[in-house]
Amino acid sequence: MTTRRSGQQSGARGRHSRRKSYRGQWFAVTALAVLGTVVVAHPDVAHRQSLAAEVVAGANEPTVEAPVTAVVTPTPVVTPTQKFTTPLRPAPTLTRKPKGAKPNVLVSTGKLAVVPGFDKATGVRDKLTYRVEIEQGVSVNGAAVAAAIHKTLTDPRGWQAVHPVSFERTDKVDADLRIILATPALTDKLCLPLDTGGEVSCRVEDRVVLNAKRWMYAIPAYNGNVDLYRSYLVNHEVGHALGHGHSTCTKPKTPAPVMMQQTKGLAGCLPNAWPTIKAT
Ligand SMILES: [Zn+2]
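Residues numbered from 1 in each chain as written. Predicted model: local features only at pLDDT ≥ 70, side-chain atom pairs only at ≥ 80, totals over all residues.

Engineer: Please clarify how the overall build of the protein chain should be interpreted in this entry.
Structural biologist: Secondary structure assignment for the protein chain yields 11 helices and six strands. Sequence-distant contacts in the protein chain: of pairs separated by 6 or more residues, those separated by 24 or more amount to 64%. (Helix = DSSP H or I, 4+ residues; strand = E, 2+ residues; numbered from the N terminus. Contact = placed C-beta atoms within 7 Å.)

Engineer: Sorry, what's going on with the packing of helix α8 (residues 142-153) against helix α11 (residues 226-241) here?
Structural biologist: Working note: a packed helix pair is described by the angle between its axes plus the distance between those axes. Axis separation between α8 and α11 bottoms out at 9 Å; the angle between their running directions is 65°. Our pair here, α8 against α11, has a crossing hand that is right-handed. Between α8 and α11, the contacting residues are Ala148, Ile149, Thr152 and Leu153 on the first element and Arg230, Ser231, Val234, Asn235 and Val238 on the second. In the contact of α8 with α11, the residues fall into five nonpolar, three polar and one charged. (Axes fitted to C-alpha atoms, helices over the stretch in contact; angles between N-to-C directions. Left-handed = near helix turned anticlockwise from the far one by under 90°. Nonpolar A, V, L, I, M, F, W, Y, C, P; charged D, E, K, R; others polar.)

Engineer: Help me understand the nonpolar core in this model?
Structural biologist: Inside soluble globular proteins, nonpolar side chains tend to come together where they are buried. Ranked by internal contacts, the top residues of the largest apolar core, which has 39 residues, are Ile179, Ile180, Leu181, Val209 and Leu210. Mapped by element, the contributors of at least two residues to this core are β2 (126-135), α8, β4 (177-182), α9 (184-191), β6 (207-211), α10 (212-217) and α11. Setting aside residues no more than four positions away along its own chain, Val209 makes contact with Ile180, Ala182, Thr187, Leu190, Cys191, Ser201 and Cys202. Core analysis: the next-biggest nonpolar cluster, separate from the first, contains five residues, Cys249, Ala256, Leu266 and Cys269 among them. (Core = buried A, V, L, I, M, F, W, Y, C linked by C-beta atoms within 7 Å. Buried ≥ 20, exposed ≤ 12 C-beta atoms within 10 Å, placed from the backbone.)

Engineer: I keep staring at the pairing of strand β3 (residues 165-170) and nothing clicks. Help me out?
Structural biologist: The side chains of a regular strand alternate between both faces of the sheet. With six bridges connecting them, β2 and β3 associate as parallel partners. Paired with Lys127 across the strands is Ser166, a residue of β3. In this view, the connection linking β2 to its parallel neighbour β3 by way of α8 has right-handed handedness. (Pairing = 2+ DSSP bridges. Right-handed = clockwise from strand over helix to strand, strands pointing away.)

Engineer: What should I look at first to understand α11 in this one?
Structural biologist: Since the α-helix packs 3.6 residues into each turn, any two residues three or four apart lie on the same face. The end-to-end C-alpha distance of α11, which contains 16 residues, comes to 23 Å, matching closely the 22 Å that a straight helix rising 1.5 Å per residue would cover. On its buried side, α11 packs onto α8, β5 (202-204), β6 and α10. (Expected span 1.5 Å × (residues − 1).)

Engineer: How do you make sense of the environment of Lys172 when you look at a structure like this?
Structural biologist: Take Lys172: it is sitting in the loop between β3 and β4. Along the backbone, Lys172 and Val132 are 40 residues apart, and their C-alpha atoms lie at a distance of 10.0 Å.

Engineer: Sorry if this is basic, but what is going on with unusual backbone geometry here?
Structural biologist: If a residue is not glycine, its phi is most likely negative; likewise, a peptide bond is most likely trans. Of note, the bond from Leu192 into Pro193 is cis; its omega dihedral lies within 30 degrees of zero at 10°. Counting through the fold element by element, Pro193 comes out in the loop between α9 and β5. Even without glycine at this site, Glu205 takes up a positive phi of about 50°. With respect to the helices and strands, Glu205 occurs in the loop between β5 and β6. Positive phi, normally seen in glycine, also occurs at Lys253, with a value near 70°. In this structure, Lys253 sits in the segment after α11. By C-beta crowding, Lys253 is classed as exposed, having 9 other C-beta atoms within 10 Å.

Take a look at the structure:
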């Protein structure tokens, strides 16, 4: 950058000294062109590039009157000097992951906490109350989880359209159903004697146990539509509580039945979370 700065500084006195220095410019430009050729041929000779820059600086306002081709020539000579003199620092290597970088769905505390609050039933039919419990330490917002569950259960495409039932969320101990979000380890314990293998969810007695790993990451077949998968998870397990057994994909490329074990694969069917949506 020496070249440019010198050119700017000398610009003010350039007009009266122009004639005198014309010969000097010619030498400078010629020397520059020669040096440029040498340096391009031997790009590792860094000090010669610096020298080239100094010659230009001493030539007084060369950028104004020198032929365009001569001025353009040194440009590639100066640039690599900057690169060679810049210290190269290797990128730091992280020895451990930053805290909180990934949501925790795997480290089990084994302790459940009830999400406080109520969500009134929207219907007057047989009321089924449920309580939401979340394993402490799981990286989820309890209120958001409870809201998502209630939205699914009261959706017009959900079980309320199939059964004479309405869902109401409570935090009382006498709830009809406990909907629990737990790490895979606690899910496996709460689901016994069923085998959930750290991967799937279950319903046992009054417990609907949702595997937090699935809640967080869904399954590949849902193509990133985690909200839809969460609705499937809730409706499938609550469907068991309402007395429904498993069903299978009978017609590929049609919506999978909500009571299909979709987490284990869709068998050619399409993702579907709703009991009212069926293959036609
Ligand atoms: Zn099932």
